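Spelled out, the chains give:
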Amino acid sequence: MRLPAGRNSVRKIKVRAVIPGDCPELISEGFPTENDFNKALQAQPEIEHYGLPCCGADKLGAPTANQRVRLELVPVNCYGGRVQLMSNFWEKLPKPIFVLAPLANVTDSAFRRVIAKYGKFTRPDGSKGGGPDVIWTEFVSADGLVKGNREVLSRDLVFTESERPVIAQFFTSTPEHMEEAARLALELGFDGVDINMGCPDKSIEKQKAGAMLMKNPKLAIELIAAAKRGAGHLPVSVKTRIGYNKIEIEEWLPALLSAEPVAITVHGRTRKEMSKVDAHWDMIKRAVEIRNEQGSKTLILGNGDVKTIEEAKERVVESGVDGVMIGRGIFGNPWLFNTERKIEDISIEEKLSVMLEHTKLFMELLGDIKSFALMKKHYKAYVHGFDGAKELRVQLMEAESVEEIERLVKEWLDKNRVSIATV
Ligand SMILES: Cc1cc2nc3c(=O)[nH]c(=O)nc-3n(C[C@H](O)[C@H](O)[C@H](O)COP(=O)(O)O)c2cc1C
């Protein structure tokens, strides 16, 4: 399988033989074989963090009889060039951290691109500001990637450089599948791997994944360890809730912390509460306290009912979280993370223009595998709050193609004497 990925993405990790003058870590003699690689793993357990199995040794020239050889792991991109491994990108983010939530069938590759573009701004000196500090993909079934239709599922894992740092989120209850999915994320050049431990959907729970993992902390811990094995140098995080039927943060969070994920996003509701009650930010605050009491380095991100960056900043002050994740607030507002612009100040013309751009991207990237109907919830969110919005919305709901959407938008703007630039 070949997928588009950035120029700096790790595509594979080669083991190459280096014949050093004064190498402190001599591992084997002779031209390295797969066995040597295994020996190297034993001698340097940290190599395991690079995750990928040996893809063959570079033929740098076989060493002569008594020359000793050091094995070096070389991450390379799709052109064979060496990739500078990014360590833990989380450490480099300025706090507080504001991130985009995974929203299945909403924050797909098309919408993520739109958010990455309009969420940022350029300062007069040319430097960039705003934008989500981290972007999550929608959740992807690790079981499906391993056993099912990898070609189709992998389309959810397509991203552009503008989205970085970007994290792939997976769900499964099988550690081996998690390991393999995490390895794929590494190969595709993601910046991190996240495990879903909060989804209340029955079809996910049937697979003992998502929120169901809160009932099985032991398996949850194994999944984190498996993800770490597969993810190599990539940081592994978890997204979860505050309990299953009742609030269980006192037991559940320490269990997760014991597996040392780099970050835990805490959605402030139990599984039972679904999204029906207000998020318990007092419990998110408690999660921060527990983390501090345990002396853990894991970052805590709070999530639930935050609609703007201003609100997010207030939540940070109240709860002490390292950052805030925003989900539904992004509907109809790809400018959400752009602190230079307020949604109230975005003209109707611009909103409709971006909506059309979003539709075209959706068709280009996903039109062959996803239903056009998925765009309809976006139209509801883009088109409201102005005179004539309802009339246009009703027409958009009935449209069945990008051409129809374009025609309706143009007609509406003509009628309302606003012009739209071609996007
Ligand atoms: C339509 C929809 C899809 C979602 N998909 C995912 C998902 O794929 N992975 C996940 O961890 N959470 C998912 N969630 C949960 C959100 O990421 C988030 O935790 C929740 O919406 C609360 O945050 P908010 O109040 O800012 O929206 C989804 C929520 C919604 C409404």
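The structure presented is a predicted model; accordingly, all values stated were derived computationally and were not measured.

Peer 1: With reference to specific residues and values, describe the packing of helix α10 (residues 281-293) against helix α11 (residues 309-319).
Peer 2: In contact at an axis separation of 9 Å, α10 and α11 are set at 55 degrees when each is read in the N-to-C sense. As far as their axial angle goes, α11 and α10 are oblique. For α10 against α11, the interelement crossing comes out right-handed. Here W281, I284, K285 and V288 of α10 lie close against α11, whose contacting residues are R315, E318 and S319. When the residues that make up the contact of α10 with α11 are grouped by side-chain class, the tally is three nonpolar, one polar and three charged.

Peer 1: Quick rundown of the site of the ligand? Include the residues and the values.
Peer 2: Taken together, 21 residues surround the ligand, and among them A101, P102, F139, G327 and R328 come closest. Residues that form the shell around the ligand fall into these classes: nine nonpolar, eight polar and four charged.

Peer 1: I'd like a description of the pairing of strand β14 (residues 323-326), backed by residues and values.
Peer 2: Across the two faces of β14 the burial is the same, with G323 and M325 and V324 and I326 all buried. Relative to β14, strand β5 (residues 97-100) runs parallel, the two being bridged by four bridges. Looking at β14, one finds that I97 is bridged to G323. One ladder, built from three bridges, connects strand β13 (residues 299-303) with β14; its direction is parallel. Bridged to G302 within β14 is V324.

Peer 1: Describe the nonpolar core, with residues and values.
Peer 2: Most often, soluble globular proteins have nonpolar side chains that are buried together. Of all hydrophobic cores here, the largest spans 99 residues; its most connected members are F170, M178, A185, V193, A227, L301 and I326. The greatest single-element share of this core, amounting to eight residues, is contributed by helix α12 (residues 348-366). Here this core gathers at least three residues from each of two domains, domain 2 (89-330) and domain 3 (347-415). When near neighbours in sequence (up to four residues on either side) are disregarded, A227 contacts M178, E179, A182, V193, I195 and V236.

Peer 1: So what's going on with the environment of A101? Residues and values would help.
Peer 2: With respect to the element layout, A101 can be found in the loop between β5 and α3 (109-118). For the pair formed by A101 and I330, sequence separation is 229 residues and the distance between their alpha carbons is 9.0 Å. Beyond its immediate sequence surroundings of up to four residues, A101 is in contact with W136, N303, M325, I326 and G327.

Rules of the game
- Residues numbered from 1 in each chain as written.
- Predicted model: local features only at pLDDT ≥ 70, side-chain atom pairs only at ≥ 80, totals over all residues.
- Axes fitted to C-alpha atoms, helices over the stretch in contact; angles between N-to-C directions.
- Helix = DSSP H or I, 4+ residues; strand = E, 2+ residues; numbered from the N terminus.
- Parallel < 35°, antiparallel > 145°, perpendicular 65-115°, else oblique.
- Left-handed = near helix turned anticlockwise from the far one by under 90°.
- Contact = placed C-beta atoms within 7 Å.
- Nonpolar A, V, L, I, M, F, W, Y, C, P; charged D, E, K, R; others polar.
- Near = placed C-beta within 6 Å.
- Buried ≥ 20, exposed ≤ 12 C-beta atoms within 10 Å, placed from the backbone.
- Pairing = 2+ DSSP bridges.
- Core = buried A, V, L, I, M, F, W, Y, C linked by C-beta atoms within 7 Å.
- Domains from an automatic or database assignment.

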